[in-house]
Amino acid sequence: MPFIVTEADPPFNDVRADIILRSSDNVHFRVSRFILSIASPVFADMFNLGKPLEAIDGHSSEENHDGLPVVPLVEDSRTLNLLLRWCYPVKPPKLTTLEDARRMVSITQKYAVDAFDDVIDEALRAHIVSDPVAIVAVAVTHHLDDMTKAAFQGSLTTHLTAIISSGVTNLSGNALNALVRYHTACGAAAAAVTLQRDFFPSCQ
């Protein structure tokens, strides 16, 4: 029994499209190879007319739909929709949630789309105060050194035992160990300062 596919919302249902990207949850995005090739060198390589059409994840793309080649991708429709709307000449969606920012970090790195690094950086930093551990998890996983440092510093506002975070399950053992050691070192440094009484003026 064939699976049921859904057509994406505009502009990704355009009849002028020359290829279809199918998300993991079976949504068809009708897109322009030209636009995506400009935005991403990975898409450019994928769409190279001199090569067999094949997705970055190695899936075969011999399937056709409505006369267009279909490339199955591992990303779900929400993630693809975010990326494609940032690549297309349309008003991009705002990255207001941590989950959307996390999705964009992952997919823009995968497809080597670096034009939105500043936007993603700003979106992640907006959540450092509310959920620094989640930002540590994202930053360490994706090797965002400056973001890791900022998130470590942001985590100092809360004792580790009191932190409730959506990112704890995504935090590697090494990252968690580094976070604990950072808190311990900062605590020791702060305690050492308080033991130095020479910053008080002497008095009788």
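Fair warning: this is a prediction, and the values are worked out from it, not measured in the lab.

Any chance you could explain the confidence of the model for the protein here in plain terms?
As a note on interpretation, predicted positions should not be read in detail where pLDDT is low. Looking at the protein, the pLDDT average stands at 84 and 80% of residues meet or exceed 70. When mean pLDDT is compared element by element in the protein, strand 3 (residues 27–31) scores highest at 97, while helix 8 (residues 173–195) scores lowest at 74.

Help me out: how do you make sense of the pattern of salt bridges in this one?
In a structure, side chains of opposite charge can pair up when their charged atoms sit close to one another. Counted according to the given criterion, the structure contains 11 salt bridges. In this structure, arginine 22 engages glutamate 63 in a salt bridge whose closest nitrogen and oxygen atoms are separated by 2.7 Å. One end of the pair, arginine 22, is in strand 2 (residues 19–22); the other, glutamate 63, is in the loop between helix 2 (41–46) and strand 4 (64–65), with 41 residues separating them in the sequence. Among the residues examined, arginine 22 registers a relative accessible area of 9% and is labelled buried. When the shortest N-O distance is used, the salt bridge between arginine 102 and glutamate 99 registers 3.2 Å. With a gap of 3 residues between them, arginine 102 and glutamate 99 both fall in helix 4 (residues 98–110), about one helical turn apart. With a relative accessible area of 18%, arginine 102 lands in the buried category. Glutamate 99 sits in the partly exposed class, given a relative accessible area of 36%.

What is the right way to look at the pairing of strand 5 (residues 68–72) in this model?
When a strand is regular, its side chains alternate between the sheet's two faces. Within strand 5, 5 of the 5 residues are buried, leaving the element largely enclosed by the surrounding structure. For strand 2 and strand 5, the ladder comprises 3 bridges, and the chain directions are parallel. Its bridge partner being in strand 5, leucine 21 is matched across the sheet by valine 71. Where strand 4 and strand 5 come together, 2 bridges link them in antiparallel fashion. Looking at strand 5, one finds that asparagine 64 is bridged to proline 69. Hairpin connection of strand 4 to strand 5: 2 residues between the antiparallel strands, including aspartate 66 at a positive phi of 55 degrees.

I tried to follow the environment of threonine 96 on my own but got confused; where do I start?
Within the secondary structure, threonine 96 sits in the loop between helix 3 (77–87) and helix 4. On the basis of relative accessibility, which here comes to 55%, the residue threonine 96 falls in the exposed class. Taking the C-alpha atoms as reference points, threonine 96 and alanine 126, separated by 30 residues in sequence, lie 8.8 Å from one another.

Sorry, what's going on with the sheet that holds strand 5 here?
Adjacent strands of a sheet form backbone hydrogen bonds with each other and so pair up, either parallel or antiparallel. The 5 strands lie next to each other as 1-3-2-5-4, forming an open sheet whose pairing is mixed. Whereas interior strands pair on both sides, the edge strands pair on one side only; in this sheet they are strand 1 (6–7) and strand 4.

Can you help me understand the packing of aromatic side chains in this one?
Aromatic ring pairs: the centre-centre distance and the angle between the two ring planes describe each pair. With the rule as written, the count across this model stands at 5 aromatic pairs. Seen from their ring centres, phenylalanine 43 and tyrosine 111 are 4.6 Å apart, and the 10 degrees between their planes marks the pair as stacked. Placement of the pair is phenylalanine 43 in helix 2 and tyrosine 111 in the loop between helix 4 and helix 5 (117–125), with a sequence separation of 68 residues. Of the two residues examined, phenylalanine 43 and tyrosine 111, each falls in the buried class. Pairwise contacts between aromatic rings join Phe12, Phe29 and Tyr88 into one cluster.

It is not clear to me how the packing of helix 6 (residues 132–141) against helix 7 (residues 145–154) should be interpreted in this structure. Could you clarify?
When two helices pack together, their arrangement is given by the angle between the helix axes and by the axis-to-axis distance. Where helix 6 contacts helix 7, the axes come no closer than 8 Å and their chain directions differ by 160 degrees. Classed by the angle they form, the pair helix 6 and helix 7 counts as roughly antiparallel. Crossing angle aside, the handedness with which helix 6 passes helix 7 is left-handed. Contacts between helix 6 and helix 7 involve Pro132, Ile135, Val136, Ala139 and Val140 on the former and, on the latter, Met147, Thr148, Ala151, Phe152 and Gly154.

Rules used in this analysis
Residues numbered from 1 in each chain as written. Predicted model: local features only at pLDDT ≥ 70, side-chain atom pairs only at ≥ 80, totals over all residues. Heavy atoms only, no water. pLDDT = per-residue confidence, 0-100. Helix = DSSP H or I, 4+ residues; strand = E, 2+ residues; numbered from the N terminus. Salt bridge = Lys/Arg side-chain N within 4 Å of Asp/Glu carboxyl O. Buried < 20%, exposed > 50% of the residue type's maximum accessible area, 1.4 Å probe, protein only. Pairing = 2+ DSSP bridges. Phe/Tyr/Trp six-rings, centres within 6.5 Å; stacked < 30°, edge-to-face > 60°. Axes fitted to C-alpha atoms, helices over the stretch in contact; angles between N-to-C directions. Parallel < 35°, antiparallel > 145°, perpendicular 65-115°, else oblique. Left-handed = near helix turned anticlockwise from the far one by under 90°. Contact = heavy atoms within 4.5 Å.

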